[in-house]
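Listed below are the residues making up each chain.
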Amino acid sequence: MGRIFVFVNQKGGVGKTTSAVNLGAYLAEAGKSTLLVDFDSQANLTSGVGVTKSKPGVYELISGGARVEEAVRETSVKGLSVIPSGIDLSGAAVELVEQEQRDLYLKNALAPVREKYDFILIDCPPSLGVLTLNGLAAADSVLIPMQCEYFAMEGLSLLLQTIRRIQKNLNTRLEIGGIFFTMYDQRTRLAQDVVREVSAYFREKIFRTIIPRNVRISEAPSHGLPISQYDPESNGGKAYRSLAGELLARCEGARG
Ligand SMILES: Nc1ncnc2c1ncn2[C@@H]1O[C@H](COP(=O)(O)OP(=O)(O)OP(=O)(O)O)[C@@H](O)[C@H]1O
Ligand SMILES: [Mg+2]
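Model, not experiment: these values are computed from the prediction. (Residues numbered from 1 in each chain as written. Chains lettered and ligands numbered in written order. Predicted model: local features only at pLDDT ≥ 70, side-chain atom pairs only at ≥ 80, totals over all residues. Heavy atoms only, no water.)

Participant: What should I look at first to understand the pairing of strand β2 (residues 34-38) in this one?
Facilitator: Within a regular strand, side chains alternate between the sheet's two faces. With respect to burial, β2 is a largely interior element, 5 of its 5 residues being buried. Neither face of β2 is exposed, since Thr34, Leu36 and Asp38 on one face and Leu35 and Val37 on the opposite face are all buried. Bridge analysis of β2 against strand β4 (residues 80-83) gives 4 bridges, and the strand direction is parallel. Residue pairing across strands places valine 37 opposite isoleucine 83, the latter belonging to β4. (Buried < 20%, exposed > 50% of the residue type's maximum accessible area, 1.4 Å probe, protein only. Helix = DSSP H or I, 4+ residues; strand = E, 2+ residues; numbered from the N terminus. Pairing = 2+ DSSP bridges.)

Next up, the structure:
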């Protein structure tokens, strides 16, 4: 299992950004140097780790206006860095469509620092557009957060078609690192059914840890902190710590 992970789901609000921030924080706390890349012009990841100055950021990086070292910021978590994003990235999406090799900008931009970090986590916007394709081209592995709701399977099959296309053309070594459930509410029958159905189909691709719906997780970004610093003893904090442990174990299993 690879070291560059991309969080993808074309559905909005399923927990991509929250998972990138919190998994990144727990990986850093486990002693792994980790770089978060905010590849969404909404810049929720950037503000979620308390970074306010977005330039030079990922837009300058891919458009050649900054070197990667200049775009990286430290966060309040030791060992956790971030390349911030801002609204100008939405313009990049339009500019990129015109370019040849438009899907390889992020991959090329990150190449100089690939070896410097144990993990690089890329957060993508809720679409399968050119930014997400850049994320998939740059990564070794896709992580798919899923909310437990009715059309979950339908959305997943479109996403898997896209991944298969990328694996054929842009990035032959891309693998599906895994699928995990977020914002789980154990009181609803529907959530239980979705977990059962998706798990039966995807089997070993499913992470055992399920992230519960937890108000402390939704509060943390407004303090610019990951849950590991805001409230590690909350149910959400414990769940993300456990998910990070599973991810590390899978990586080590794949290597050994
Ligand atoms: N486990 C959780 N419990 C409660 N709230 C959560 C949880 N996970 C995420 N949220 C909240 O749900 C909202 C959507 O989460 P998030 O921004 O991570 O999703 P996203 O997939 O990145 O969204 P987008 O597609 O817009 O980028 C946010 O307000 C976030 O704080
Ligand atoms: Mg997001």
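Picking up where we left off.
Participant: Got a minute to help me understand the sheet that holds strand β7 (residues 175-182) in this structure?
Facilitator: Sheets are built from strands paired through backbone hydrogen bonds, the pairs being either parallel or antiparallel. Spatially, 7 strands are ordered β3-β4-β2-β5-β1-β6-β7 in an open sheet, and the strand pairing comes out mixed. Each edge of the open sheet is held by one strand with a lone partner, namely β3 (73-74) and β7. Packed onto the sheet, helix α9 (residues 189-202) meets β6 (141-147) and β7 and runs at close to 165° relative to β7. (Contact = heavy atoms within 4.5 Å. Axes fitted to C-alpha atoms, helices over the stretch in contact; angles between N-to-C directions.)

Participant: Just checking my understanding: could you explain the nonpolar core for this structure?
Facilitator: Within soluble globular proteins, side chains that are nonpolar generally end up buried alongside one another. Core analysis: the largest hydrophobic core is formed by 53 residues, its most contacted members being Val37, Ile83, Leu106, Ile122, Ile144 and Leu156. Considering each element in turn, this core owes the most residues, 6 residues, to helix α8 (residues 152-168). Once you skip the residues sitting within four places of it in the chain, isoleucine 144 turns out to touch Val8, Asn9, Leu156, Leu159, Leu160, Ile163, Ile176, Gly178, Ile179 and Phe180. Counting residues in each nonpolar core, the second largest holds 33 residues, with Val49, Val51, Leu80 and Ala239 among its members. (Core = buried A, V, L, I, M, F, W, Y, C linked by side-chain atoms within 4.5 Å.)

Participant: Before we go on, may I ask you to explain the packing of aromatic side chains in this structure?
Facilitator: One pair of aromatic rings is described through two measures. These are the centre distance and the angle between the planes. All told, the structure shown has 3 aromatic pairs when counted by the stated rule. Ring centres of phenylalanine 180 and phenylalanine 207 lie 6.2 Å apart, and the angle between their planes is 80°; this geometry places the pair in the edge-to-face category. With phenylalanine 180 in strand β7 and phenylalanine 207 in the loop between α9 and α10 (215-219), this residue pair connects regions lying 27 residues apart in the sequence. A relative accessible area of 1% means that phenylalanine 180 is categorised as buried. (Phe/Tyr/Trp six-rings, centres within 6.5 Å; stacked < 30°, edge-to-face > 60°.)

Participant: Where do I start with unusual backbone geometry in this structure?
Facilitator: A negative phi angle characterises most non-glycine residues, just as the trans form characterises most peptide bonds. Cis geometry is adopted by the peptide bond preceding proline 56, which originates at lysine 55 and carries an omega value of -10°. Here proline 56 lies in the loop between α2 (44-48) and α3 (58-62). The residue alanine 43 is not glycine, and still its phi comes out positive at about 55°. Within the secondary structure layout, alanine 43 lies in the loop between β2 and α2. We classify alanine 43 as buried; its relative accessible area is 15%.

Participant: I tried to follow the packing of α8 against α9 on my own but got confused; where do I start?
Facilitator: For any two helices packed against each other, the geometry comes down to the angle between their axes and how far apart the axes lie. Where α8 contacts α9, the two axes come as close as 10 Å, and the packing angle between them is 30°. Judged on the interaxial angle alone, α9 and α8 are roughly parallel. In this structure, α8 uses Ala152, Met153, Leu156 and Leu160 to contact α9, whose residues at the interface are Val194, Glu197, Val198, Tyr201 and Phe202. Each residue belonging to the contact of α8 with α9 can be placed in one class, and the counts come to 8 nonpolar, no polar and 1 charged. (Parallel < 35°, antiparallel > 145°, perpendicular 65-115°, else oblique. Nonpolar A, V, L, I, M, F, W, Y, C, P; charged D, E, K, R; others polar.)

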